[in-house]
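# Commentary on secondary and tertiary structure
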Amino acid sequence: MRKTLFIATIVLIAVSCGRKGQQAQATAEPASTPAAALRAQFPMPEIPILVEDGEARLDYTAAHYWDAFLADEASFTTDSLHVGGLVNDAFEKAMGTFATVLNMLPVEKAAGYVSALFPKVRQSGIFTPFTKCLSRYLYDPNSPTRNEDLWLPYVSALAECEELSPEERHSYAFEAEMCSLNRTGTIAADFSFTDTKGHQRTLHGIKAEYTLLIFGNPGCHACQEIVMNMESDERLSSMVSSGRLVVVDIYIDNEIDEWKAHTSDYPSSWLNGFDHNYIIRRDRIYNVRAIPSLYLLDRDKRILLKDAPEDRLFDKLTTL
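In what follows, the accompanying structure is described. (Residues numbered from 1 in each chain as written. Predicted model: local features only at pLDDT ≥ 70, side-chain atom pairs only at ≥ 80, totals over all residues. Heavy atoms only, no water.)

Two numbers describe how helix α5 (residues 107–122) lies on helix α7 (residues 148–158): the axes approach to 8 Å, and their chain directions differ by 30 degrees. Considering their axes alone, α5 and α7 lie roughly parallel with respect to each other. Relative to α7, the crossing made by α5 is right-handed. Between α5 and α7, the contacting residues are Val107, Ala110, Ala111, Val114, Ser115, Phe118 and Val121 on the first element and Asp149, Leu150, Pro153, Tyr154, Ala157 and Leu158 on the second. Among the residues forming the contact of α5 with α7, the class breakdown is eleven nonpolar, one polar and one charged. (Axes fitted to C-alpha atoms, helices over the stretch in contact; angles between N-to-C directions. Helix = DSSP H or I, 4+ residues; strand = E, 2+ residues; numbered from the N terminus. Parallel < 35°, antiparallel > 145°, perpendicular 65-115°, else oblique. Left-handed = near helix turned anticlockwise from the far one by under 90°. Contact = heavy atoms within 4.5 Å. Nonpolar A, V, L, I, M, F, W, Y, C, P; charged D, E, K, R; others polar.)

Let us now look at the sheet that holds strand β6 (residues 245–251). To summarise the sheet geometry, strands pair through backbone hydrogen bonds and adopt either a parallel or an antiparallel arrangement. Judged by pairing direction, the sheet is mixed, and its seven strands sit side by side in the order β4-β3-β7-β6-β5-β8-β9 without closing on themselves. One side of each edge strand has no neighbouring strand; the edge strands of this open sheet are β4 (200–202) and β9 (303–305). Strand after strand, the sheet turns through a mean of 35 degrees between neighbouring axes, direction not considered. Pairing between strand β5 (residues 210–215) and strand β8 (residues 293–297): five bridges, direction antiparallel. Bridging from a neighbouring strand, isoleucine 214 pairs with leucine 294 of β8. (Pairing = 2+ DSSP bridges.)

One recurring pattern in soluble globular proteins is that nonpolar side chains are buried together. Membership of the largest hydrophobic core comes to 44 residues, with the highest contact counts inside it found for Trp66, Phe91, Phe130, Trp151 and Tyr154. For this core, the elements supplying multiple residues, two or more each, are α2 (54–64), α3 (67–71), β2 (86–87), α4 (88–102), α5, α6 (127–138), α7 and α8 (166–179). Beyond its immediate chain neighbours, meaning those up to four positions away, tyrosine 154 contacts Val114, Phe118, Val121, Phe127, Phe130, Thr131 and Leu134. Of all hydrophobic cores here, the second largest spans 23 residues; its members include Val240, Val247, Tyr266 and Trp270. (Core = buried A, V, L, I, M, F, W, Y, C linked by side-chain atoms within 4.5 Å. Buried < 20%, exposed > 50% of the residue type's maximum accessible area, 1.4 Å probe, protein only.)

This next bit is on the pairing of strand β7 (residues 271–274). Successive side chains on a regular strand alternate, one facing one side of the sheet and the next facing the other. Burial along β7 is two-sided: Leu271 and Gly273 facing one way and Asn272 and Phe274 facing the other are all buried. Bridge count between strand β3 (residues 192–195) and β7: two bridges; the pairing is antiparallel. The residue bridging aspartate 195 from the neighbouring strand is glycine 273, located in β7. Pairing geometry for β6 and β7, over four bridges, is parallel.

The following block contains the structure:
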């Protein structure tokens, strides 16, 4: 029940906040823009009364989120300031809500909705701005809603889209290849590394119920925030000290002396090392696009979270 109420509350808050911002932006438009060509707000899906369960309502929202918007987008203005009648800021907020809802669903189901969305968007007049905005929310390494597993079905379709140039399709095909690496639910690629004592180890050789794999850098501010959050949480600290959770922090660049100078920045209970073969960067066995990059693995090194934003990681850790 608590989870159901939480989900329903998140959806309602996201919708109401988005509407408030959209209305404020709409009133700020130049008088020369025809009023009939603009929307006052994003047309959220109307959930049937019979769909009462919180998770079912969330599921319905994701499945039908863009239906009304795409049905009549051609009747509204799309230019440098608007997308389908919404000013850019309002459209961004609508996309942010959509990405948030997707990330609250099982990845297979959410990916299915993204896949089904592509042909509808492809036939619309907002294909380009929609694609760019969705990419910012699902693939940009700085996005708090990034999720390569959800961007994969869309970018895979882009790679085969005949309306795009060969160069664009080639670029999207590379993105799709990178997103296909180490997908959620698959076994994480193994690699060897050298730890702070000079011993060579492998990722799959680590025995623990859970493994938190961090690709980090010396002096990384965000990495230090993770250290502080882990150490300040008694439950997580207990999981590490008991060996139930092993934190593996791996340096993947080649300034090893710099890495050695900062090894004291990390807790002694963590397993710190560097990629002595430089295989992660060279052979791209992981798609590390920004630092830190966080992966949560189970006992069999199956991926539970892939390149997860910190908030999503800590939310997941509290449920273990």
